[in-house]
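Listed here are the chains, written in short residue letters.
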Amino acid sequence: MGSQTLQILRQGVWAALSGGWYYDPHQATFVNALHLYLWLFLLGLPFTLYMALPSSMIIVAVYCPVVAAVFIVLKMVNYRLHRALDAGEVVDRRTNEFPDQRAKAEQGNCSTRRKDSNGPSDPGGGIEMSEFIREATPPVGCSSRNSYAGLDPSNQIGSGSSRLGTAATIKGDTDTAKTSDDISLSLGQSSSLCKEGSEEQGKFSSTLYETGGCDMSLVNFEPAARRASNICDTDSHVSSSTSVRFYPHDVFSLPQIRLNRLLTIDTDLLEQQDIDLSPDLAATYGPTEEAAQKVKHYYRFWILPQLWIGINFDRLTLLALFDRNREILENVLAVVLAILVAFLGSILLIQGFFRDIWVFQFCLVIASCQYSLLKSVQPDSSSPRHGHNRIIAYSRPVYFCLCCGLIWLLDYGSRNLTTSKFKLYGITFTNPLVLLSARDLVIVFTLCFPIVFFIGLLPQVNTFVMYLCEQLDIHIFGGNATTSLLAALYSFLCSIVAVALLYGLCYGALKDSWDGQHIPVLFSVFCGLLVAVSYHLSRQSSDPSVLFSLMQSKIFPKTEEKNPEDPLSDVKDPLPEKLSNSVSERLQSDLVVCVVIGVLYFAIHVSTVFTALQPALKYVLYALVGIVGFVTHYVLPQVRKQLPWHCFSRPLLKTAEHNQYEVRNAATMMWFEKLHVWLLFVEKNIIYPLIVLNELSSSAETIASPKKLDAELGALMITIAGLKLLRSSFSSPTYQYITVIFTVLFFKFDYEAFSETMLLDLFFMSILFSKLWELLYKLQFVYTYVAPWQITWGSAFHAFAQPFAVPHSAMLFVQAVVSAFFSTPLNPFLGSAIFITSYVRPVKFWERDYNTKRVDHSNTRLASQLDRNPGSDDNNLNSIFYEHLTRSLQHSLCGDLLLGRWGNYSTGDCFILASDYLNALVHLIEIGNGLVTFQLRGLEFRGTYCQQREVEAITEGVEEDEGFCCCEPGHVPHVLSFNAAFGQRWLAWEVVVTKYILEGYSITDNSAASMLQVFDLRRVLTTYYVKGIIYYVTASSKLEEWLANETMQEGLRLCADRNYVDVDPTFNPNIDEDYDHRLAGISRESFCVIYLNWIEYCSSRRAKPLDVDRDSSLVTLCYGLCVLGRRALGTASHHMSSNLESFLYGLHALFKGDFRISSVRDEWIFADMELLRKVVVPGIRMSIKLHQDHFTSPDEYDDPTVLYEAIVSHEKNLVIAHEGDPAWRSAVLANSPSLLALRHVMDDGTNEYKIIMLNRRHLSFRVIKVNKECVRGLWAGQQQELVFLRNRNPERGSIQNAKQALRNMINSSCDQPIGYPIFVSPLTTSYSDSHDQLKEILGGPISLGNIRNFIVSTWHRLRKGCGAGCNSGGNIEDSDTGGGTSCPGTNAATVSDPHSTGSQGSTGNQGQAAGSGLHPPTTSYPPTLGTSHSAHSVQSSLVRQSPARASMASQSSYCYSSRHSSLRMSTTGFVPCRRSSTSQISLRHLPSSIQSRLSMVNQMEGSSQGGTVCVQHGLPSSSSSSQSIPACKHHTLVGFLGAEGSQSGAPEAQPGSTLSPANSSHARKGEVIYRVQIVDLSQILEGINLSKRKELQWPDEGIRLKAGRNSWKDWSPQEGMEGHVIHRWVPCSRDPGTRSHIDKTVLLVQIDDKYVTVIETGVLELGAEV
């Protein structure tokens, strides 16, 4: 503890005060001396020049060149030295060698080595590093990004560029170690080469290659017998593959342990984080005195092409000496900043801004800023991450230059003020005294730089730029929070461009003539454009990456090339496409809406309503905004809370799910949610724009008057104020009504004389109120955290800090005000009651874009998957549930917020979602108009003790508390007791909702050990394993190919013998059901006895059944596969299947696909590895599910039919995969209904196997709103404690549970390694357009395409209504179904019946004589779908059988008796056929025989074939390939299909037979077949086909099984999909086959090969396709 405190004092406190200089006892005297003298030089040079020379530009002329020369030399030498260590070579000098011999050897290799080091294919040069013999740290080969040992992709050895190398030999302490303790390290290709000279025999120079990365997974032990051959090596340019060989019996010697530790350093971390290992690592490696006496080394540093000098220190010494600047640009920037600091500092010195001791203090600040460019403070108090931070080195000089420039500008402004005065609220901002006061304040702040940077009040430069742009955009332009530095700059630039475009219109309007009753038209144009631009900007996300990618995809579309051999080629993340589609829809909607808004508000403004109705109009608007805002943002959220006003024990307005124990469906839309949405819509889209336009009209002339701001500045202020007020009201109107009401009351009734027009009053008060809200949250956090009756002391320091903080309450209040003004976190120091202000941060808070990378098979090596099973801990495996939760929130969060389900919300708010096992913190970052950008942080499933206590606090109910002070008198029903109400008011969080419904997965885990404990259960699993293999091999489409494969036949030749028996010892009579005890193995005969019936049944279910007998090749293949599969299970179990642990290990290995073919008898499987992937692996996975089902119904699967159907059902509805398989993540994110996996958990000493079952359903969450300042303060405190103060205690007091602030849950949600969340999502944007319930209220996006669809659907509805109204014999049912009967295919008697034309679904006329329903003898009606004889099925069969589906559409076709009908004569009478639009079936792709016969029918127009022929108006083209048939001839097409269908063996009805009712019914409604487009997904009945009540009578049983989610699998209908209607159910129909179970028409739509049942109101009818 003491050494750590001293280290913090040296590297933290003292280095922060001095700018980076401190005494490091771990470094050599030379390093510390150089640091001291350099710092004294930078401090004394400006002070000496100022004291010795007169205050003139001479000081600047001397000081700046000297500083420039020093920094140029130091940076150049430092850069060249690092390059020399990267590309140079080590020269070894031994004490027992003659110097001249060494020189000759070096001269002989000089040219060759230089040539190798600078070759074109060797940018880094091959480096040989010895074991460094010094008191400092040995060289780290991985400490530089460029230190690669000559990577040569060609891996060729050049004849003239080979370097003479040696094997590394490390001498130990004993003679044995001297001769045998050698470590051979070879990189790339190496070969043995003996050295010349007898003196060199047995002596090897100690060389070690410095590489860019050392992967210890490639370490392999080399036998001692091979070491003699590797004595002498010659290395070429080193390839990227690295092999490090250790000798097993040598690893215990001290030098090798040191080298091993050296090689295991994480090189990626070293390079990315720039960790300076010199202080800590130097103590790890002690000096080797014996080696120091024998070997000395140095590096060659080339000064000129023929001149070099020796360097006797290594890279770690150089890193300890100066920071490394990797790029030339960094060095140039450092030199420029140093010169700029010297220039600005000397300018301020000679101008006399500092006197007396403050001159020395200012020189100290200058020295600290310049020294930090050479050796920065690491870690800095404002550094956001561990390790070396390259950006933080530039903070001090940049801030120094900004402050010096500001001092000079303020001083210049105070001395050169113009005559014009800028005055607001009584303060003259152009007063010299104000500018001088500001200048002096900046001077004092600059002199306090050491203290400022020690406390950490200023962030690193990029964070400050992001914060500054975000704050200006929010408070000045009304923008939203930003997600990155690029987003902040982009959003700020967009705001400036918008102001610049609007400024010209405003300025031109202000220059026009104004009077009391006339406002210039140009100003009305400005107001309309202002509202439209504000609306558009409020709806755009600050992140431009999605917009740029969308533009790039439209301008430069890219075709993705898929590799068919890549198993992940089909795994596609739908998130990017979903985001781009949402952005595209919003842009299209804005294109229409902005034009409408601009024109509408222009018309309102130009109508002089804002001048003629004054002053009554403004008070009406103020009253409206007060009432609507109070009801929307206060009353409704309070009565919907779990504890309204912290007085009632349950919500006053309950949701439908509030009293449900288990929620099974999505949340029900309530009336108060609809009311909330409409009030919010009216408030932000009507009331606030009218208020802003009213204030613009009444205040513009006053603001632009010469008495105020003049026209130029006035136009700018009007534009900025209007833009800010409108954008903020569109984006986040939650607290706007309070600002408006307070401003009106304050400036209209209290202090009217101070008003600067209501427009500017609203503008400045909105900024003030945002800071006041932040101050209120900070004070609530402080008072809640330090309340003495609920303080939890996590350490002894907390007990000391509690009373110490009481006398400093006034200082705490001042800190709260300052931190609220600058929007900085107020964090508790080390988790205690002492609060300090942190540095400024953006709303996003974390500077790093950290998000969790899940470990699975797609990002780990195959060797590690097989051996170590990476990512097998619970946290990594459970992170997928939080990822799925993030996707669910992305779909519904924005809509739920607008529906008021999370209560009031604002930018930066934090919520906790708590469920049975899921606990996630949701951070709302950017809140726009119809969009929310958030980040989810998932906590551990099995948290610590402290986390569990806090989870209990947020989930426990307080309704049962009956306490009143110290007694328990009870409480009023449904009202909280006094103690409970008091306690709820002293919490930094509150429960908003207890039943928030979100789609997720319920997790069920069963111990695999308990399910396989006894042998009988393992026998059941093995039996299902074998049956699964048989099922998959017989169901495969490649079965015939496998049976005909000669290689397989040869491999299975022995198995084909009836007397064959496999006596592998891995088979166990206790596990294998077909084990033959007589033959002590699994014989073919015993296999057939058990499994032959199952093979026969599986073969019979094939489309082309195969012959199955005991000697068939199929039985042989099944036998060979089943023996192979069980042998693989035994091999993976280490031939110890009787041991449960070994059996589970082997089962898990096979489950994840690790099959080891160890027997020669099984090598035939290599003829086609698909047998393993598609047969054996699915078999072992399916057996686990069947084994689970066995517990519920043990004997059910004895029936082959039941077992086969169960496997088919599981294959369709269940995803069985290993959790490390990328297919598992893809299935979870694709919302698969059920998943199953076998999990091997190795965490915290546990080693257990679990069967994980996931079922998708709607989960219930508790939503807890946390004080956002509490979250920001605790996060900032943890970052400072772990990064700057380096507190590595895992049980530190700052993370102990504190229920009043949820301290442990909040701190554990920090970015790793500060916190320990198991999942941190990327910044995710949720759009309101993706929320289905919200679209039911407000409608979808208004785009040109949607407007066109709306017009078309409205026209179709009007046409149907007009047709029903004009129909003399029609009824409402005809109108609803799209027209009455259309040309029935019956005789004249049927048509002339007055009762037959009025009912579509009527069956009353179907019971006529047989002759009345006869068709020509050539027409027949085969049942093409199942058992249904409906002509619907026949026609849908036609569409499926055609190469390209026929396009069928029917729109409002009518056949009725009327004098206005178009009548055609036939031999049997008049048959009316009236068509309002062409209803045709496209016949382009029908069989040629049918096309020719249909052509003949068209030519026989007007003739009689014994039935009625309806003639269409205007025949199609005579070409048979483009023939079309109207709806009134559908029965003729059905007849042809019957003739064609007879060729396929389908049973036919006998010619002359009467039509069945179904056929007759359909013959009268052939016009029903038409194309539709899905427009409303909520109208889809996805589960109606599985209903037990059987509401609908289906045309075919096969269609019923396919018309629901149970058959769709991963597919789901989407808006815009098109298909044709193959059946319809009408309300109150007399025919049960066409009767709807509700009061709406239900359609059965075929989309490709899927069937969808949808209510007619959810589709849009499309035109006919000819």
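A quick note: this is a predicted structure, and the numbers were derived from the prediction, not measured. (Residues numbered from 1 in each chain as written. Predicted model: local features only at pLDDT ≥ 70, side-chain atom pairs only at ≥ 80, totals over all residues. Heavy atoms only, no water.)

Novice: What's the story with the environment of Val 1654 in this structure? I'm lost.
Specialist: In this fold, Val 1654 is placed in strand S37 (residues 1650-1655). With relative accessibility at 1%, the residue Val 1654 sits in the buried group. Through-space distance from the C-alpha of Val 1654 to that of Leu 1581 is 5.6 Å; in sequence the pair is 73 residues apart. Those residues in contact with Val 1654 that lie beyond four places of it in its chain are Gln 1579, Ile 1580, Leu 1581, Thr 1641, Val 1642, Leu 1643, Val 1645 and Val 1659. (Helix = DSSP H or I, 4+ residues; strand = E, 2+ residues; numbered from the N terminus. Buried < 20%, exposed > 50% of the residue type's maximum accessible area, 1.4 Å probe, protein only. Contact = heavy atoms within 4.5 Å.)

Novice: When you look at the pairing of strand S33 (residues 1571-1574) in this model, what are you seeing that I'm missing?
Specialist: The side chains of a regular strand alternate, residue by residue, between the two faces of the sheet. Side chains Arg 1571 and Gln 1573 project from S33 onto one buried face, and the interleaved Val 1572 and Ile 1574 project onto a second face that is buried too. Here three bridges tie S33 to strand S34 (residues 1618-1627), and the two strands are oriented antiparallel to one another. By the bridge assignment for S34, Arg 1571 is matched with His 1620. Direction of pairing for S33 relative to strand S38 (residues 1659-1661): antiparallel, over a ladder of three bridges. Looking at S38, one finds that Ile 1574 is bridged to Val 1659. (Pairing = 2+ DSSP bridges.)

Novice: How should the packing of helix H18 (residues 521-538) against helix H20 (residues 575-606) be read in this particular structure?
Specialist: A packed helix pair is summarised by two numbers, namely the angle formed by the two axes and the spacing between the axes. At a closest axis distance of 8 Å, the pairing of H18 and H20 adopts a crossing angle of 150 degrees. With respect to H20, the axis of H18 lies roughly antiparallel. Seen along the crossing, H18 lies across H20 with a hand that is right-handed. Residues Val 521, Phe 523, Ser 524, Val 525, Cys 527, Gly 528, Val 531, Ala 532, Tyr 535 and His 536 of H18 lie in contact with H20, whose contacting residues are Leu 587, Asp 590, Val 593, Cys 594, Ile 597, Gly 598, Tyr 601, Phe 602, His 605 and Val 606. In the contact of H18 with H20, the residues fall into 14 nonpolar, five polar and one charged. (Axes fitted to C-alpha atoms, helices over the stretch in contact; angles between N-to-C directions. Parallel < 35°, antiparallel > 145°, perpendicular 65-115°, else oblique. Left-handed = near helix turned anticlockwise from the far one by under 90°. Nonpolar A, V, L, I, M, F, W, Y, C, P; charged D, E, K, R; others polar.)

Novice: Can you help me understand unusual backbone geometry in this one?
Specialist: Backbone phi values are negative for most residues with the exception of glycine, while trans is the configuration of most peptide bonds. Put simply, Gln 378 and Pro 379 share a cis peptide bond, and its omega is -5 degrees. Locating Pro 379 in the fold gives a position in the loop between helix H12 (357-371) and helix H13 (395-415). Residue Gln 1312 is joined to Pro 1313 through a cis peptide bond whose omega torsion reads 5 degrees. Note on placement: Pro 1313 falls in the loop between helix H44 (1303-1308) and strand S25 (1319-1320). Phi at Thr 608 is positive, roughly 60 degrees, even though this residue is not glycine. Looking at the secondary structure, you find Thr 608 in the loop between H20 and helix H21 (609-612).

Shape descriptors only; they carry no functional weight alone.
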